[in-house]
Amino acid sequence: MKKRLIDANTLHKRIEMNLRASNPFTIEECCYKDALNSVDEAPTIDPESLRPTAKWIIVRRMADGAECKCGNCGRKEVFTTFDRHTEHAYCCRCGSKMEDASND
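Residues numbered from 1 in each chain as written. Predicted model: local features only at pLDDT ≥ 70, side-chain atom pairs only at ≥ 80, totals over all residues. Heavy atoms only, no water.

Peer 1: Help me understand the overall build of the protein chain in this model?
Peer 2: For the protein chain, the helix and strand inventory stands at two helices and four strands. Relative to the 2.2 N^0.38 estimate, which gives 13 Å for 104 residues, the radius of gyration of the protein chain is 24 Å and therefore markedly larger than a compact globule would have. With the C-alpha coordinates aligned to their principal axes, the bounding extent of the protein chain is approximately 75 × 20 × 20 Å. Put simply, the protein chain has 104 residues, and 23% of those count as buried. Restricting to contacts in the protein chain with at least 6 residues of sequence separation, those with at least 24 account for 38%. Summed over its atoms, the accessible surface of the protein chain is roughly 8000 Å², and 51% of this surface lies on carbon and sulfur atoms. Both charge centroids of the protein chain, one from 17 positive and one from 17 negative side chains, sit 6 Å from each other. (Helix = DSSP H or I, 4+ residues; strand = E, 2+ residues; numbered from the N terminus. Rg over C-alpha atoms; globule rule 2.2 N^0.38 Å. Buried < 20%, exposed > 50% of the residue type's maximum accessible area, 1.4 Å probe, protein only. Contact = heavy atoms within 4.5 Å. Areas by Shrake-Rupley, 256 points an atom, 1.4 Å probe, with all protein chains shown as cover. Lys, Arg positive; Asp, Glu negative; His and termini not counted. Charge placed at Lys NZ, Arg CZ, Asp CG, Glu CD.)

Peer 1: What is the right way to look at the layout of surface pockets in this model?
Peer 2: Over the atoms, a rolling probe the size of a water molecule traces out where space has been left empty. Each pocket or cavity is described by its volume, and for the largest pocket that value is around 360 Å³. Listed by contribution, the elements that provide at least two residues to the lining of the largest pocket are helix 1 (8–21) and helix 2 (27–41). Grouping the constituent residues of the lining of the largest pocket by class yields eight nonpolar, one polar and three charged. (1 Å grid on protein atoms, 1.4 Å probe; cavity = no way out; pocket = protein on both sides within 12 Å on 5 of 7 lines; lining within 4 Å. Points joined across faces, edges and corners; volume = space filled by probe spheres on them. Nonpolar A, V, L, I, M, F, W, Y, C, P; charged D, E, K, R; others polar.)

Peer 1: Looking at this structure, I do not really get the side chain of Glu 29. What am I missing?
Peer 2: Relative to the assigned elements, Glu 29 resides in helix 2. Setting aside chain neighbours within four positions, we find Glu 29 in contact with Leu 19, Ser 22, Asn 23 and Pro 24.

Peer 1: I'm lost on the pattern of salt bridges in this one. Help?
Peer 2: A pair can form between side chains of opposite charge whenever their charged atoms are brought close. Under the criterion given, the structure shown has three salt bridges. With a shortest N-O distance of 3.7 Å, Lys 33 and Glu 29 are connected by a salt bridge. On the criterion of helical spacing, the pair formed by Lys 33 and Glu 29 is a turn pair, its members being four residues apart in helix 2. Overall, Lys 33 belongs to the partly exposed group, its relative accessible area being 42%. (Salt bridge = Lys/Arg side-chain N within 4 Å of Asp/Glu carboxyl O.)

Peer 1: So what exactly am I meant to see when it comes to the state of the cysteines here?
Peer 2: Simply put, the disulfide is a covalent bond whose two ends are the sulfur atoms of two cysteines. Under the criterion given, the structure shown has zero disulfides. Of the cysteine sulfurs around Cys 30, a residue in no disulfide, the closest is that of Cys 31, at 6.9 Å. (Disulfide = S-S within 2.5 Å.)

Peer 1: Looking at this structure, how should I read the packing of aromatic side chains?
Peer 2: Each aromatic ring pair is described using two quantities: the centre-to-centre distance and the angle formed by the ring planes. Summed over all chains, the structure comprises one aromatic pair. Centre to centre, the rings of Trp 56 and Phe 79 are 5.2 Å apart; their planes meet at 70°, and the pair counts as edge-to-face. Of the two residues, Trp 56 is situated in strand 1 (residues 53–62) and Phe 79 in strand 3 (residues 76–80); the sequence distance between them amounts to 23 residues. On the accessibility criterion, Phe 79 (3% relative accessible area) is buried. (Phe/Tyr/Trp six-rings, centres within 6.5 Å; stacked < 30°, edge-to-face > 60°.)

Shown next, in the form of structure tokens:
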């Protein structure tokens, strides 16, 4: 199942509104209370954890740097000794967050 980010506070308010409108001591009231507990106990997802990750793969070493490709989308970039691949935290094509470089 695909994860999606929702506004839990808005959902909580909506369920509370329905709870207040329900008859006390009924199954309906129990269901709304259970739903509130489920919202309260649901884990909060860090949006950054949804971003894909990849590594810069060194394709070819050169005298003053290296040609690397994104391990996710394959975009090639040339980095110099002054503009190192390890200093580029994201791929500019696919947005993958880069982990440490690899020589694969």
